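Residue-level structure breakdown
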Amino acid sequence: MSRRAPGRKARQGGGDYDQVEQAASKQSRFPDTLSSICIVFECDDAEHNALLGHGGKSAASISRQIRQPLVDKLRAADLLVREACSRDKDEMFVIVSASAKRQKHVAEIMGQRGLLKLRFRQQDEDGNIEPNEGAWCPFKAHLQPLYEPSREGMLFSSLTQLRILEYIINDEDELAMGPQMVQKDQLEPGNTPLDQLIKDKKAKIVFRLHSKEMREFLIQNWVWSWKNRQPIEEIREYFGEKIALYFVWLGYYTTMLWIPALVGIVLTFSQVYSHITTGSMDNPWVPLYSCFITVWAIVFITGWKRIEQTYQYEWDTMTYEEDEEDRKEFIQNPHTRQRHSEYKDEVVRYADETWQMIALATSAVVVCSFIGAVVAAVCGIALIKFRIIQHLEPYGLSMVGKMCGGLMQATSIMIFNRIYQVVLKLLTDFENWQTETQYEDARIAKDFCFKLVNAFFACFFVAFVQNNFEVYGVNMHCPEWHCMQELTGTLASVFAIQMTVAQVLEVGLPIFKNRMRIRQEEMTIRKQMEEDGGDLNAIMPELSEEEAQSKMDAYEGVFAEYQEMVVQFGYVTLFAAAFPLTAFLALINNLVEIRTDAYKLLQGLQRPKYLCAADIGTWQVILDILSTCSILTNCALVGFTSHGLFFYFPNMNPVERVWITIICEHCLLLFKAVLDALLNSPPKEAVEAYHRRCFLRDKVRPSETRNAGSLADYS
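Residues numbered from 1 in each chain as written. Predicted model: local features only at pLDDT ≥ 70, side-chain atom pairs only at ≥ 80, totals over all residues. Heavy atoms only, no water.

Notes on the state of the cysteines
Inspection of the entire model under this criterion finds 0 disulfides. Free of any disulfide, Cys 694 has its nearest neighbouring cysteine sulfur in Cys 137, separated by 10 Å. Of the residues examined, Cys 694 reaches a relative accessible area of 13% and is grouped as buried. (Disulfide = S-S within 2.5 Å. Buried < 20%, exposed > 50% of the residue type's maximum accessible area, 1.4 Å probe, protein only.)

Quick look at the structure:
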């Protein structure tokens, strides 16, 4: 039977839906070694009724007439296609894959364009394969025996297969002989054929199916593994460098947190002892801990830069940003201009400078307005808290007032953050950035300007404003003009509430939304069964894998994950002396965070598309700024808010107190500058390993015209 037989049969006599559905259900699933893309089509009423057996053979379906030619084109392009309907018969799933032979043909085309690289196998002196030690090289079919297989046991990992499949379906190259589901003259600028199908409402959604075996492996060896290290190479192969780099950073950050967490626990015990014996939390160790946490932050960031450079050499991503393509939204924006590039002999797009300046000015005004609103809200909540404490203090319930104040501040932070995230996306879209990296950098910069105030001003207010300024005409100074205990309560409540709520929402919300969609569908099926007079106690049909994944939310990137962790880093470092247990709580949170983020990616969301990155981008700059701010805030905290310096300089006057604080701050800034200068270059071992891999790779290249049947030249 020819590939198009099912399509022809469906069209004979107006479409025999019962036979088509039975034939589709009997089609064997693709081998587990092949990755698939699922295109979801909606069924109109005629097709829906026919699938339920209500419409008869004469029912005409517009949705089927739209879908079937597309399915035929996919089959004609030598792709493997399987059709299945949802259990409520209102959607059709077209699952597309490609044979190994087809993949190799297209992979070589992508290799010639520099779009697909595989790693050569590397042997040690005894002939044993050394994983991850080979050089990266564009794929060439005749060099297949020299390539290192993926962790999944195939030549191409499931992610690489998906990249090849999308390259075919989206007609990226005529040599790939794609299906041409949408003619080029019908494509809107920047749209792929799959984008255009969704834009034209011919298809509902398109998503990538998870690999069953690899997903189970990662769940067992990543989500539920608490003792072993993260399988970073497997994560990179399954999700791409960008997501893998986030988990490298999160793992490194979590490991480094062990040091301040243990020191913070010791300091907390000493503070409790001081409070019992003297009635004050201040003791000689508080200033030392503040200096320690700033040094730790500097060392942490410097160490990350070297780790990041190591992975750039290991994954060969140094030149990634130079090869970025224009964003689809940038191409389609009416304020994008074009000109002919003489040295490239092609049309180059660029943003209208006047429009972009107006957009940036608008963004600046909006961000400043939000910052002003946050400052006003924090001051207002502080005044409300002050009044509540005044009323409750005669009854010995001042602690209740402080807890209410902390809860209100945390709630205000989260509400402002929710609103701002919507505005942030609109502003960044409005600015019309050309590449994805530029877009993310602009988004991160605006987010940080707001978050620096929204997340930390409540603590800054208690530490440096409450004792020194009247707010709304009210003097709200701390008891006995000593704000450390007030600051400790504010920081602890704000940090703990945000951390708990974020952790619950991050994992619980996608899963809850997914289950609600499934529950709503089951209720619809029960209602339909009741109308048809069926057995309401019948067992509900199980969801197929493709239908279950279609109910999941799409992945939105690592922005929210970095955002959460960078804010946490600020809480750990900026006001360290006020609540030393912050690092310990952050450590516990992050040990869970790694697993919940992994679980969300594997079980709660649709599989992300391939995402590459050379570094963590502007988040590195943000961390650097926070480490510098931590020097300033901790020195000011110890020098002016705490009384810890009096343990070392009991007879100092106010002028000497200022000078001691300034000298400590300058010494720490100098240490940071010196450490940055000394450790600015990439690790020598990583550079040498990279050059060695390139040398061995170049030894193979002269022999490319010969058959590659031996690893002798690459060992």
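After that view, the rundown keeps rolling.
A few points about empty space enclosed by the protein
According to the stated counting rule, one finds 5 cavities of 30 Å³ or more in the structure shown. Counted as a void, the largest cavity has a volume near 70 Å³. Forming the walls of the largest cavity are Asp 447, Phe 448, Lys 451, Leu 452, Phe 456, Gln 563, Val 566, Val 567, Trp 619 and Ile 622. Breaking the lining of the largest cavity down by element, the ones donating at least two residues are helix H15 (436-454), helix H19 (559-574) and helix H21 (618-641). Of the residues forming the lining of the largest cavity, the biggest block, 4 residues, is contributed by H15. Broken down by class, the residue content of the lining of the largest cavity amounts to 7 nonpolar, 1 polar and 2 charged. (1 Å grid on protein atoms, 1.4 Å probe; cavity = no way out; pocket = protein on both sides within 12 Å on 5 of 7 lines; lining within 4 Å. Points joined across faces, edges and corners; volume = space filled by probe spheres on them. Helix = DSSP H or I, 4+ residues; strand = E, 2+ residues; numbered from the N terminus. Nonpolar A, V, L, I, M, F, W, Y, C, P; charged D, E, K, R; others polar.)

A word on the pairing of strand E1 (residues 37-42)
Here is the key point about a regular strand: its side chains alternate between the two faces of the sheet. With respect to burial, E1 is a largely interior element, 5 of its 6 residues being buried. Bridge analysis of E1 against strand E3 (residues 91-97) gives 6 bridges, and the strand direction is antiparallel. Opposite Ile 39, over in E3, you have Val 94 as the bridge partner. Strand direction decides the pairing type here: E1 and strand E6 (residues 205-208), joined by 4 bridges, are antiparallel. Bridging across to E6, Ile 39 finds its partner in Val 206. (Pairing = 2+ DSSP bridges.)

Brief notes about helix H13 (residues 353-392)
Over its 40 residues, H13 runs 58 Å from end to end, which matches the ideal 58 Å to within 8%, given 1.5 Å per residue. One side-chain oxygen of the residue at the start of H13 lies 3.0 Å from the amide nitrogen of Thr 354, identifying that residue as Asp 352. (Expected span 1.5 Å × (residues − 1). Polar contact = N/O pair within 3.5 Å; in protein donor to acceptor, adjacent residues only side chain to side chain.)

Quick word on the environment of Met 565
Its location among the elements puts Met 565 in helix H19. Through-space distance from the C-alpha of Met 565 to that of Thr 633 is 20 Å; in sequence the pair is 68 residues apart. Not counting residues within four places of it along the chain, the set of residues in contact with Met 565 comprises Tyr 246, Trp 249, Leu 250, Tyr 253, Asn 589, Asn 590 and Glu 593. (Contact = heavy atoms within 4.5 Å.)

As for the nonpolar core
Grouped together as the largest cluster of nonpolar side chains are 106 residues, with contacts concentrated most on Trp 249, Tyr 253, Trp 296, Phe 461 and Phe 575. Element by element, the count of residues in this core is highest for helix H10 (residues 241-278), at 14 residues. Counting 38 residues, the second-largest nonpolar core is a separate cluster that includes Leu 74, Leu 118, Leu 146 and Leu 162. (Core = buried A, V, L, I, M, F, W, Y, C linked by side-chain atoms within 4.5 Å.)

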